[in-house]
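Examining the three-dimensional arrangement
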Amino acid sequence: MAFKVNDGERGGWSVLLVSGELDLMTSPVLRQRVHDVVAEGRHSLVVDLSEVLFCDSSGIGVLIAARRLIRSCQGRLRLILPAEGAVDGSHVNRVLGALGVRRLFDVYPDVMTATEDDADDEADPLSA
């Protein structure tokens, strides 16, 4: 599967749908797309990682940098990491957990849930 980042909007949120393998070769593409969104003045961002089949430390580094950038703009970043991924659960979710940084992110199971107005009250339904 080729690496792709598609963008859209939902309810005032910018949404980046990432698919393929997020690694050393592809993570600069996601980094640039996040920077483009912020440069356009959009500071509410959902990164949908439900179609990411593999993620290495460089991909996690991009997510952490995106969090830092969005927070510096007083923005909001939410990740989509479904309980059921491509094969046996979200690979990114497992990597974030293994590295001990999952708690840094507001995680949702789908875009609809992440972009609801009261989603802040229900942040991280996956850890329940």
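To keep things clear, this report deals only with the structure shown in the data block.

Before going further, it helps to examine helix 3 (residues 91-99). The α-helix winds at 3.6 residues per turn, so residues separated by three or four positions along the chain end up facing the same way. Within the sequence span of helix 3, burial applies to His 91, Val 92, Asn 93, Val 95 and Leu 96. Backbone geometry just after helix 3 places Gly 100 at a positive phi near 75°.

Before going further, it helps to examine the sheet that holds strand 3 (residues 44-55). Spatially, 1-2-3-4-5 is the arrangement adopted by the five strands of the open sheet, whose pairing is mixed. Two strands lie at the open edges of the sheet, namely strand 1 (4-10) and strand 5 (106-108), each paired on one side alone. Across the sheet, the mean angle separating the axes of adjacent strands is 25° when strand polarity is ignored. The pairing of strand 3 with strand 4 (residues 76-80) spans five bridges and is classified as parallel. Looking at the pairing, Leu 45 lines up with Leu 77 of strand 4. Helix 1 (residues 27-39) contacts strand 1, strand 2 (13-22) and strand 3 of the sheet and is inclined by roughly 175° relative to strand 2. Packed on one face of the sheet, helix 2 (residues 57-72) meets strand 2, strand 3 and strand 4 and runs near 150° to strand 4.

Conventions we followed
Residues numbered from 1 in each chain as written. Predicted model: local features only at pLDDT ≥ 70, side-chain atom pairs only at ≥ 80, totals over all residues. Heavy atoms only, no water. Buried < 20%, exposed > 50% of the residue type's maximum accessible area, 1.4 Å probe, protein only. Helix = DSSP H or I, 4+ residues; strand = E, 2+ residues; numbered from the N terminus. Pairing = 2+ DSSP bridges. Axes fitted to C-alpha atoms, helices over the stretch in contact; angles between N-to-C directions. Contact = heavy atoms within 4.5 Å.

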